[in-house]
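A look at the structure
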Amino acid sequence: MDKRPRGFYALTVFFALFVLFLYGPTITIGILSFQGPGGGLTFPMRGVSLHWFHDLFEQQAVGDIWGAFRRSFALGLMVMVATVVISVMAGLAFRKRFRGSGFLFYLSIASLVIPSILVSLGVGLIFTQLGLKIHWATSGLGAQLTWTLPFGLLIMFAVFNRFDKSFEEAARDQGATSWQTIRHVVLPIIAPSLLGVALFGFTLSYDEFARTLLTAGSYNTLPLEIFGMTTNVTTPVIYALGTLTTAFSFLIIGVFLFTVWFTAKRRARHGSDAGKGV
Amino acid sequence: MTDTLTETTAPAAAGTAPPKPRRRLSDNVVGWLEALPLTLILLCFLVAPIIMIVIVSFWTATEFSIIPAFTFENYQYLFGSSVTYRVFLATFKYALITWACTLAIGFTVAYYLAFCIRSQTVQIAMFLLCTIPFWTSNIIRMISWIPFLGRNGIANQTLIDLGLIDQPLEWLLYSDFSVILAFVHLYTLFMVVPIFNTMMRIDKSLIEAAYDNGASGIQTLIHVIIPLTKPGIMIGTIFVITLVMGDFITVRFMSGSQKANVGRLISNDISLLQYPSAAATAVVLLLTVLIVIGILLRFVNIRKEL
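Residues numbered from 1 in each chain as written. Chains lettered and ligands numbered in written order. Predicted model: local features only at pLDDT ≥ 70, side-chain atom pairs only at ≥ 80, totals over all residues. Heavy atoms only, no water.

Focus: helix α7 (residues 136-161) of chain A
For the α-helix, the turn length of 3.6 residues means that residues three or four positions removed from each other point alike. Residues and elements named next belong to chain A. Note the following rule: Numbering goes from the N terminus for both helices and strands, where a helix is a DSSP run of H or I of at least four residues and a strand is a run of E of at least two. Here, expected helix span is obtained from the residue count minus one, scaled by 1.5 Å. Here the bend at a residue is taken as the angle between two axes, fitted respectively to the seven residues that end there and the seven that start there. Each residue's exposure class comes from its accessible area (1.4 Å probe, protein chains only) as a fraction of the maximum for that residue type: buried when under 20%, exposed when over 50%, partly exposed otherwise.
Taking 1.5 Å per residue, 26 residues should reach 38 Å; α7 reaches 35 Å between its end C-alpha atoms and fits that length. The principal kink in α7, of about 35°, is found at T146, preceding the proline P150 by one to four residues. By the criterion of burial, α7 is predominantly enclosed, with 22 of the 26 residues buried.

As structure tokens, then:
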């Protein structure tokens, strides 16, 4: 094609600065978490050490962060599974014209835009007034789902709007029941997008703060624990924790992206079996 | 992959008795069954909590507990205090400035990704580069500004080294500036993604047509690209405005508890166990947000845009 549009290089610089703006601070605390034992919250580095990472493993120095990590991980998995299953079901439902679908759609969008603190406060109030125990795996799970499900649903909408219905019709013409069509035709085709939904479900739950604040009960999730630390910890140990959780998030994102890429590649290789007979 | 298809999907091999006629459930019933889990979750954890907040906003509280009642005193107190108006004004200020910044940055980035990058692989990689921070912790991302903006932070050190200032700037951290900077940092993504999404669906021939007819780059941008990108801009706007208006944690953390918005008003009441008063503020906040969204939704049909 022809020459680059004018301003291309200016825009490239702008984009690079934007990426620096996005990642710069994270990289900074990544470096500072290797601060020497005498170092403070900002540069200069006073030596390089693993001192602050080591501190994370001392119970008394930072509280129960490993327990908090385990809870956040478990909750993330629960939210992930629930988000995938419920979003797919709802996505299938929205392809049919059922009465009240418009209302349910707007309710889901409302779930996305209603301030998190309202959900947190309301769920907390209901549980206390009903005499139910507030616990991260019950009230916390429900409150987080009001945040992850709309994202899952939006992805399903995007997926099904681009879905070729002739595959299903073909299956039905061959005598497949509705369930068989879903199980063997629809689900395999949308599988990569389901990985996307799973990624949203897990990471949004793992990092969720506002909706968990009043719904987690007596045991903190990791973001709550980290926030508690910001008010009383004034050493780079908090950077070490930040670096570790961010590294963990990157790892999870990496695993998901790799899986998506791998499935796509595998698919391209095994691609079409048209004309090969059964 | 495909062999799983053949083992179970071919029911009642041809020639045997025809399959039993199944009673098909109507679309309406199946639709509702499939949507049931979503509906239940939203009813229990969204609708019921909001109703509960509305109810509790009419209750009254002692220092230790909340007592069912029907009183308007929470609202009277709320609307009778000048703090409320100041805080709401501050909330709108944060929302507006953040909106303007995220729109300018988000539109530029989306434009660059959609129109200036020709290889699809590079495009996807760059898009992912922009979205990955969304999947990491907001709190950590806020914390990570401290070494940058602090009194002895990188920004001040650099400015002093360059000879631009003699003394460290005090307003970099724990100020409106740092609050808005964090908002822009956290939420620009919510502009980039929907705007990029609509831009990718613009028919490239429209842009070529504009050039062929002699439009300049700027003219094409103003008369072709921006109008066609409006739905994405509106969706991004809704996200950013509602996220900023409902926030309490960014303002608290980035201002070192020196600034307030409505969310902080609510969270302060909660920490004092004044739930009815928190609920009343929450109701007013919710109505404000809904009115703003109502106005924005007049400009876009979300469901059509997915």
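Overview of the nonpolar core
For clarity, the threshold we go by: Nonpolar cores were defined as sets of buried Ala, Val, Leu, Ile, Met, Phe, Trp, Tyr and Cys residues, with membership established by side-chain atoms within 4.5 Å. What makes two residues a contact is simply this: any of their non-hydrogen atoms within 4.5 Å.
Core analysis: the largest hydrophobic core is formed by 182 residues, its most contacted members being L118 and F151 of chain A together with L38, Y112, L113, M254 and I266 of chain B. Each residue touching L113 of chain B, except ones within four places of it in the same chain, is listed here: F15 of chain A together with Q123, M126, F127, C130 and F196 of chain B.

Overview of the interface of chain A and chain B
Operational definition: Values labelled buried area give the accessible surface lost by two parts on being combined, using a 1.4 Å probe and summing over both. Each salt bridge in this description consists of a side-chain nitrogen of Lys or Arg and a carboxyl oxygen of Asp or Glu lying within 4 Å of one another. N or O atoms closer than or at 3.5 Å make up a polar contact, with two conditions inside protein: a donor-capable atom paired with an acceptor-capable one, and, for residues adjacent in sequence, both atoms drawn from side chains. Under the grouping applied here, Gly and all other residues not named as nonpolar or charged are polar, the nonpolar ones being Ala, Val, Leu, Ile, Met, Phe, Trp, Tyr, Cys and Pro and the charged ones Asp, Glu, Lys and Arg.
If you look at the interface, chain A gives 107 residues, while chain B gives 96 residues. Together, the buried faces of chain A and chain B total about 8900 Å²; carbon and sulfur atoms form 78% of this surface. At the junction of chain A with chain B, the criterion picks out one salt bridge. A salt bridge links E34 of chain B to K96 of chain A; the shortest N-O distance between them is 2.8 Å. For the pair chain A and chain B, the interface holds nine residue pairs in polar contact (both at pLDDT 80 or more). At 15 residues, the largest contribution of residues to the side of chain A that touches chain B is made by helix α1 (residues 8-32) of chain A. A breakdown of the residues in the side of chain A that touches chain B according to their chemical character gives 67 nonpolar, 29 polar and 11 charged.

Quick word on the packing of α7 of chain A against helix α2 (residues 27-56) of chain B
Keep this limit in mind: Only C-alpha atoms enter the line fits that serve as axes; for helices the fit covers just the stretch in contact. Angles between N-to-C directions range over 0 to 180 degrees. Any angle that falls under 35 degrees is termed roughly parallel, while one over 145 is termed roughly antiparallel, one within 65 to 115 roughly perpendicular, and all others oblique. Each crossing gets its handedness from the near helix: less than a right angle anticlockwise from the far helix is left-handed, clockwise is right-handed.
Two elements in contact, α7 of chain A and α2 of chain B, have axes separated by 9 Å at closest approach and are oriented at 125°. With respect to α2 of chain B, the axis of α7 of chain A lies oblique. Handedness of the α7 of chain A/α2 of chain B crossing: left-handed. The segment α7 of chain A lies against α2 of chain B, with T138, S139, G142, A143, L145, T146, L149 and L153 of chain A engaging L38, I41, F45 and L46 of chain B. Taken together, the residues of the contact of α7 of chain A with α2 of chain B break down into eight nonpolar, four polar and no charged.

Honestly, that's just the spatial picture; any functional story needs more than this.
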